[in-house]
Amino acid sequence: MAVAEAQLYAKVSNKPRGRSTSALLEPLLAKGFPAHIAQKALVATGQKTIEDAVKWLHSHCNDPSLDDPIPQEYALYLCPRGRLHSRLQDFWRDSKRQCGKNRAHEVFPHVTLCDFFTCEDQKVELLYDILKQVGDRFSQRFPPSISLTLHASPSYLGFFIDDSQANVLKEFAVAFSSEASALADCHVKPSLKQFHLTLAHRFYPHHQKTLEQLAKCINPGEPCQWVAALYSRDMRFVHYQRLRALFQYKPQNIDELMISAGDLIYVDPRQQSDASEGWVIGTSHRTGCRGFLPENYTEKAHESDTWVKHREYIFDTASRSFTKTEKEPNVKLNGEAQNLSMLRSVTNVLSPQNAALRRGVLVMCHGERLDQVFGKSWLQQCLTADGKYYRADLNFPSSLPRQKDSMKQFECDPPLSCCGIFQSRLTGEALLDQEVTVSYVYSSPALRCVQTAQHILQGLKLNQKVRIRVEPGLFEWTKWEASRAIPNFMTVAELVEASYDIDTSYRGNFPLSSLVPSESYEDYVNRSSAVIKHIISACPCKGRVSGVILIVGHGSSLAPLTRALTGLPSRDSRDFAQMVQKIPSLGMCFCEEQKEENKWQMVNPPVKTLTHGANAAFNWRNTIMED
């Protein structure tokens, strides 16, 4: 047992037990469930219905922690509803799309009244009663409307609540915490600092201006109903990452985890040393079971996705609300008033009608390469005794392009497998379905990248209409070349002879002779930065339709190119290799130009990536015939 987990057990194992009078408990006891487990199920489902609790119990029948005495942690939040909540959700969505995820995205919009505290399962109903009683006492004192003032700093953006109104909220929080401590034996600390509703936290400083513009579009005077809501979380997984399963996975081995689409998984980054590449060790929120699962079957989830909502108290201020004047309300940012009509102009700048005038850059990793499937000796597997190529497996291409030198050059410059060709064409077809207009195509000189670009263009039905610019500067970090030398790539003439749609007039920004074997990480990052700047300057808008610049490179290309374009600092070299290993074939990043701000930002790619399972070699004689 981990030390931290043992400490949790020590805190709760010797506490005196209370009695529950839950009307939901008796039916569960009648079904034969032990009292402590039945109470645990009720708490885990928010004590809503017997059906929810029974379903939870059946799902957790193999949960090794089912008998554990560790209680849940609870927090009391003040949450907005109505039109203000809708505007805040719009900000959450747009800020994440334009500036990436920050700490505020982990939780829904709220004002913290009482931060997380523990409460034994059998005493949770007391919290419900206390919430209602305290809410009733303060219902007439609750402000008819809450005045919100926007404040910003290089690492924080949010609304501050007017002091006079905040004092009433603090009194409410203190009353709840006092009664909870006395009646439910909980140590509850009310929030006594500046009451605020966080919009963004721990973001990159260069995103501050964009976030402020988005925040100014929120009218804090929008109609709103405020709700005091009690939430709980599993205290064992507070510092874990949360993943959401995108697909079902059925275990192939006894130590693997069964997951269904939509399942939430707790993952401790500190416990991943035993996991193979592409796998993680996680605990299912739905079943409580633990095991290995494929990481590419998941996406990151928010912290609050695993929380349980228990009870809420709605402050009904409609009868006491006053009619607002026709004058548009002002929003204050660091004390400076901004009129709402001016703020709407910001919305117009970011509107979809203007999106067509923005350039986009789609950076993509090549498709599946032959040596990725058949190993470093793949070439020996497909050559006859006299050196002629033959198709040793259906995943080998039907033929290889002709080179003036021997076929041995392909060892360091492997082509795509047939699956890689299929991946590339399928991605091109998906881009076509999404009506993505590709105006320029750049490729690393590696054959697998040129082939990927070619088949994407075929899927887009743009072959022979848009030609591939072969840019040597897009080649991967040369330190990773096993041969410790720059491969002898196919020449432009050889590629054209092999029927690839190459732009023969293009002269690369980095000639092949400038690539240095075993370059440093800093040199590679600087090379990538220089290449992306050259590409952007060489690809102006074509008329009023701003097309996409497609760049086909390597797994190591995505981060250096996009981070340089968006102004982000380069990743630490110590975790760069681990990050690259997580990038699949045709993994992609998309950057969009913000012309009005003279910058680029990372947004969701126009299409999803392709996920598929492995398909091992099959020998019918050894498998079927042998006893």
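Residues numbered from 1 in each chain as written. Predicted model: local features only at pLDDT ≥ 70, side-chain atom pairs only at ≥ 80, totals over all residues. Heavy atoms only, no water.

Novice: Any details on the overall build of the chain? Residues and values, ideally.
Specialist: Helix and strand counts for the chain come out as 18 helices and 20 strands. Looking at the chain as a whole, 50% of its 627 residues qualify as buried. Taking the intrachain contacts of the chain between residues at least 6 apart in sequence as the baseline, contacts between residues at least 24 apart amount to 76%. On the chain, roughly 31300 Å² of surface is accessible, and the fraction owed to carbon and sulfur atoms is 51%. (Helix = DSSP H or I, 4+ residues; strand = E, 2+ residues; numbered from the N terminus. Buried < 20%, exposed > 50% of the residue type's maximum accessible area, 1.4 Å probe, protein only. Contact = heavy atoms within 4.5 Å. Areas by Shrake-Rupley, 256 points an atom, 1.4 Å probe, with all protein chains shown as cover.)

Novice: Tell me about the sheet that holds strand S1 (residues 72-82), residues and numbers included.
Specialist: Strand order in this open sheet of 4 strands is S2-S1-S6-S12, and the pairing throughout is antiparallel. Across the chains shown, the open sheet's two edge strands, defined by having one partner strand only, are strand S2 (111-119) and strand S12 (308-314). Going across the sheet, the axis of each strand differs from the next one's by a mean of 25°, ignoring polarity. Helix H7 (residues 163-183) rests against S1, S2 and strand S6 (224-234) of the sheet, and its axis sits at about 10° to S2. (Pairing = 2+ DSSP bridges. Axes fitted to C-alpha atoms, helices over the stretch in contact; angles between N-to-C directions.)

Novice: Give me the nonpolar core: which residues, what numbers.
Specialist: Formed by 55 residues in total, the largest nonpolar core has its most connected members in Leu127, Leu157, Phe176 and Leu199. For this core, the leading source of residues is H7, giving 8 residues. Residues contacting Leu199, with those up to four places away along its chain left out, are Leu88, Phe91, Trp92, Asn102, Ala104, Leu150, Leu157, Gly158, Phe159, Ala215 and Ile218. The next biggest cluster of nonpolar side chains, apart from the first, holds 43 residues, and it includes Leu379, Leu460, Phe489 and Met588. (Core = buried A, V, L, I, M, F, W, Y, C linked by side-chain atoms within 4.5 Å.)

Novice: With reference to specific residues and values, describe the packing of aromatic side chains.
Specialist: For the structure on display, the rule yields 30 aromatic pairs. Judged by centre distance (5.6 Å) and plane angle (85°), the rings of Tyr249 and Tyr297 are edge-to-face. Linking Tyr249 in the loop between strand S7 (241-245) and strand S8 (264-267) with Tyr297 in the loop between strand S10 (290-294) and strand S11 (298-300), this pair joins segments that are 48 residues apart in sequence. Owing to a relative accessible area of 10%, Tyr249 belongs among the buried residues under this scheme. A cation over a ring is seen here: Arg233 above Phe116, with NZ or CZ 3.6 Å from the ring centre. (Phe/Tyr/Trp six-rings, centres within 6.5 Å; stacked < 30°, edge-to-face > 60°. Lys NZ or Arg CZ within 6 Å of the ring centre and 35° of its normal.)

Novice: Lay out the sheet that holds strand S18 (residues 548-553) in plain terms, naming residues and giving numbers.
Specialist: As summarised here, the arrangement of the 6 strands in space is S17-S16-S18-S15-S19-S20, forming an open sheet in which the pairing is mixed. In this open sheet, the two edge strands, each paired with only one partner strand, are strand S17 (468-470) and strand S20 (599-603). With strand direction ignored, the average angle separating the axes of adjacent strands in the sheet is 25°. On the sheet, helix H13 (residues 447-460) packs against strand S15 (360-365), strand S16 (438-443), S17 and S18 and is oriented at approximately 160° with respect to S16. Those strands touched by helix H15 (residues 521-538) are S15, S16, S17, S18 and S20, and its axis lies near 150° from that of S18.

Novice: Describe helix H5 (residues 83-99), with residues and values.
Specialist: Taking 1.5 Å per residue, 17 residues should reach 24 Å; H5 reaches 24 Å between its end C-alpha atoms and fits that length. When we look at burial in H5, the residues that qualify are Leu84, Leu88, Phe91, Trp92, Asp94, Ser95, Gln98 and Cys99. In the stretch just after H5, Gly100 is the one whose phi turns positive, near 85°. (Expected span 1.5 Å × (residues − 1).)

Novice: Run through the environment of Asp413, naming residues and quoting values.
Specialist: Take Asp413: it is sitting in the loop between helix H11 (378-381) and helix H12 (418-433). Contacts of Asp413, omitting those with residues within four sequence positions, involve Ala446, Leu447, Arg448, Phe489 and Met490.

Novice: Hey, could you go over the pattern of salt bridges for me, with residue numbers and the actual values?
Specialist: The final tally for this structure, using the stated rule, is 30 salt bridges. In this structure, Glu592 engages Arg97 in a salt bridge whose closest nitrogen and oxygen atoms are separated by 3.7 Å. Within this pair, whereas Glu592 is found in strand S19 (residues 588-594), its partner Arg97 is found in helix H5, the two being separated by 495 residues in sequence. What makes Glu592 buried here is its relative accessible area of 13%. (Salt bridge = Lys/Arg side-chain N within 4 Å of Asp/Glu carboxyl O.)

Novice: Please provide a residue-by-residue account of the environment of Ser505, values included.
Specialist: Mapped onto the elements, Ser505 comes out in the loop between helix H14 (492-497) and H15. In this structure Ser505 comes out as exposed when scored by relative accessible area, which is 56%. Between the C-alpha atoms of Ser505 and Arg469, which are 36 residues apart in sequence, the distance is 8.6 Å. Among the polar contacts made by the side chain of Ser505, one reaches the side chain of Asp503 at a distance of 2.6 Å. (Polar contact = N/O pair within 3.5 Å; in protein donor to acceptor, adjacent residues only side chain to side chain.)

Novice: Requested: an account of the packing of H15 against helix H16 (residues 558-566), with residues and values cited.
Specialist: Viewed as axis vectors pointing N to C, H15 and H16 meet at an angle of 60°, and their least axial separation amounts to 8 Å. Taken together, H15 and H16 sit at an angle that is classed as oblique. Note that H15 runs across H16; the crossing there is right-handed. Residues Tyr524, Ser528, Ser529, Ile532 and Ile536 of H15 lie in contact with H16, whose contacting residues are Pro560, Leu561, Ala564 and Leu565. (Parallel < 35°, antiparallel > 145°, perpendicular 65-115°, else oblique. Left-handed = near helix turned anticlockwise from the far one by under 90°.)

Novice: Outline the confidence of the model for the chain, listing residues and values.
Specialist: Looking at the chain as a whole, the pLDDT averages 86, with 88% of positions reaching at least 70. Mean pLDDT in the chain bottoms out at helix H9 (residues 340-349), which sits at 35, and peaks at S17, which reaches 97. Within the model, the stretch residues 9-21 combines pLDDT values under 50 with 22 contacts to residues more than four positions away or in other chains. Here residues 320-356 is modelled with pLDDT under 50, and outside its nearest four sequence neighbours on either side it reaches 55 contacts, counting other chains as well. (pLDDT = per-residue confidence, 0-100.)

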